[in-house]
Amino acid sequence: RGPSFPSLRLPWRRRRGQSTWDVDSINFYRELWERTTLAAKRVRDAGFTDLVLVLPSQFQPKNIRNDRLQEQRLQKFIRTVTEAIVYANNSLDELVSDAPPLIKSATLTYFGEEDREVSNFFQRSIGEGQAIGEETGCVRQLTLLPSNLKHPLQFIGRATGATPKPRSARSKALRSLKGHEFSSRTKVSYIYGKEGLEHVGFGLIHAVGKGSAYEPLLLKIHYRPPTDRQKPVKKVVLVGKGITFDTGGTNAKIDEQLDRMHYDMAGAAVVIRTVKLAEKMNLPVELVALVPVAENINGPFASRTGDIVKAYDSKTVE
């Protein structure tokens, strides 16, 4: 006997006394994602490695071929389901001695005969969902990781696939990060250490991280899309907060707050893996991710309440 699954009201079927979902609403896809994730987790917890989902009857080939709007809705449905299954497979199993098995196979069954157009539809939708699920799953793992396993250098190593060399420099030029997992279209560089950051003028990053035994750093990731486009592309800058643990420095937080302070680098994880997702999906947008990474912890050199430090734009901040 298999596990029981959470049900989801079908947006295309109206029952007496039942409200219908707006299939163009983000709330519908949010609930679809949450319930699919829960179903996949139950499959894993029950010890199963194969998952079969029977899609609603609306996924007939004629509905995919003849109505562009309906095709877009169905594509988003498949993408969301796939993303949720892949995400559920990306729990932090490395720290659990009796982690449940991973889902090795997920089969989506639909009504109707397959042809090339339908096959391409599913391959495209599943491929996008898998890419998004892998990156959100990576963000999940990075966020859940305890702080003793993700001090600034460890965090950058896990998030990019390469660990910066712990050398401060007097030069204001960013040092290139070698061996990262991004493609040649993406340049990854960094400024390391309290001395280096202070010399360049990043006084706030220096002030936040100077109490820790682990040096802070600033990471820059610059993604450029394929250049054979005639139209100019948008350029977007993302900034992600990367505090691997945040006691508040000398202004230490209370116990209830400290339980969640290893989450304070979630913003950094999001922007780093967003750039990786842009690569996977060949997004036609130029992305720059700026990620200050530090451990804000008490110590003999930690900033004190009331200290005044100078930011990169020369403003003084108390």
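Quick note: structure is the one above.
Residues numbered from 1 in each chain as written. Predicted model: local features only at pLDDT ≥ 70, side-chain atom pairs only at ≥ 80, totals over all residues. Heavy atoms only, no water.

Participant: Explain the packing of helix α4 (residues 116-144) against helix α9 (residues 266-280) here, please?
Facilitator: Geometry of a packed helix pair, given as the angle between the helix axes and the separation of the axes. Running from amino to carboxyl end, α4 crosses α9 at an angle of 160°, the nearest separation of the two axes being 9 Å. Here α4 lies roughly antiparallel to α9, going by the angle between them. In this structure, the crossing between α4 and α9 has a hand that is right-handed. Residues A131, I132, E134, E135, C138, V139, L142 and T143 of α4 touch α9, and the partners they reach there are A266, A269, V270, R273, K276, L277 and K280. Split by residue class, the contact of α4 with α9 holds nine nonpolar, one polar and five charged. (Axes fitted to C-alpha atoms, helices over the stretch in contact; angles between N-to-C directions. Helix = DSSP H or I, 4+ residues; strand = E, 2+ residues; numbered from the N terminus. Parallel < 35°, antiparallel > 145°, perpendicular 65-115°, else oblique. Left-handed = near helix turned anticlockwise from the far one by under 90°. Contact = heavy atoms within 4.5 Å. Nonpolar A, V, L, I, M, F, W, Y, C, P; charged D, E, K, R; others polar.)

Participant: Teacher, can you tell me more about the packing of helix α1 (residues 26-45) against helix α3 (residues 68-88) here?
Facilitator: Relative orientation of the contacting elements α1 and α3 amounts to 40°, with a least axis distance of 8 Å. When you trace α1 past α3, the crossing you get is right-handed. Seen from α1, the contacting residues are F28, Y29, L32, W33, T36, T37, A40, K41 and R44; seen from α3, they are R73, K76, F77, T80, V81, E83, A84, I85, Y87 and A88. Looking at side-chain class alone, the contact of α1 with α3 contains 11 nonpolar, three polar and five charged residues.

Participant: I'm lost on the packing of aromatic side chains in this one. Help?
Facilitator: Two aromatic rings, taken as a pair, are described by how far apart their centres are and by the angle between their planes. Tallying each qualifying case throughout the model produces seven aromatic pairs. With a centroid separation of 4.7 Å and 20° between ring planes, the pair formed by Y110 and F122 is classed as stacked. Taken together, the residues Y110 in the loop between β2 (105-109) and α4 and F122 in helix α4 connect sequence positions 12 residues apart. Taken together through their ring pairs, the aromatic side chains of F28, Y29, F59 and F77 make up a single cluster. Lying across the ring of Y29, K76 places its NZ or CZ 4.6 Å from the centre. Sitting above the plane of the F182 ring, K276 keeps its charged end 5.7 Å from the centroid. (Phe/Tyr/Trp six-rings, centres within 6.5 Å; stacked < 30°, edge-to-face > 60°. Lys NZ or Arg CZ within 6 Å of the ring centre and 35° of its normal.)

Participant: Even after reading the chapter, I still don't get a nonpolar patch on the surface, so can you show me in this structure?
Facilitator: On the surface, V52, V54 and F111 cluster together into a nonpolar patch covering about 300 Å² of accessible area. A relative accessible area of 60% places V54 in the exposed class. (Patch = residues over 30% accessible without salt bridge, like charges linked within 9 Å, V, L, I, M, F, W, Y side chains within 5 Å. Areas by Shrake-Rupley, 256 points an atom, 1.4 Å probe, with all protein chains shown as cover. Salt bridge = Lys/Arg side-chain N within 4 Å of Asp/Glu carboxyl O. Buried < 20%, exposed > 50% of the residue type's maximum accessible area, 1.4 Å probe, protein only.)

Participant: Please clarify how a positive patch on the surface should be interpreted in this entry.
Facilitator: A cluster of basic residues, K178, K187, K220 and K235, forms a positive patch at the surface. Checked against the element boundaries, K178 lands in the loop between β3 (175-176) and β4 (186-192). Relative accessible area serves as the criterion here: at 67%, K178 is assigned to the exposed category. (Lys, Arg positive; Asp, Glu negative; His and termini not counted. Charge placed at Lys NZ, Arg CZ, Asp CG, Glu CD.)

Participant: Would you explain the side chain of T244 in this entry?
Facilitator: When you line up the elements, T244 lands in strand β7 (residues 242-246). Setting aside chain neighbours within four positions, we find T244 in contact with S147, K150, H151, P152, F155, M261, H262, M265, V293, A294 and E295.

Participant: Before we go on, may I ask you to explain the pairing of strand β8 (residues 285-296) in this structure?
Facilitator: If a strand is regular, its side chains alternate between the two faces of the sheet. Buried residues dominate β8, accounting for 10 of its 12 residues. Here strand β5 (residues 217-223) pairs with β8 via seven bridges, running antiparallel. The partner of K220 across the bridge, within β8, is L290. Taken together, the six bridges between strand β6 (residues 234-239) and β8 define a ladder with parallel strand orientation. Within β8, the residue paired with V239 across the bridge is L290. (Pairing = 2+ DSSP bridges.)

Participant: Quick question: what am I supposed to make of α4 here?
Facilitator: Given 3.6 residues to a turn, an α-helix orients residues that are three or four positions apart in the same direction. An ideal rise of 1.5 Å per residue puts 42 Å on 29 residues; α4 measures up with 41 Å between its terminal C-alpha atoms. With a side-chain oxygen lying 3.2 Å from the backbone nitrogen of E117, the N-terminal cap of α4 falls on D115. (Expected span 1.5 Å × (residues − 1). Polar contact = N/O pair within 3.5 Å; in protein donor to acceptor, adjacent residues only side chain to side chain.)

Participant: What is the right way to read helix α5 (residues 152-160) from this model?
Facilitator: Most of α5 sits out of view: seven of its nine residues are buried. Taken as a whole, α5 has its buried residues at P152, L153, F155, I156, G157, A159 and T160. A positive phi of about 90° marks G161, the residue just after α5.

Participant: Looking at this model, I keep getting lost on the pattern of salt bridges. Mind explaining?
Facilitator: Should their charged atoms come close, side chains of opposite charge can pair. Summed over the entire model, instances satisfying the criterion amount to 17 salt bridges. A salt bridge links R65 to D115; the shortest N-O distance between them is 2.3 Å. Of this pair, R65 sits in helix α2 (residues 61-65) while D115 sits in the loop between β2 and α4, and the two are 50 residues apart along the sequence. Exposure remark for R65: the relative accessible area of 35% places this residue in the partly exposed category.

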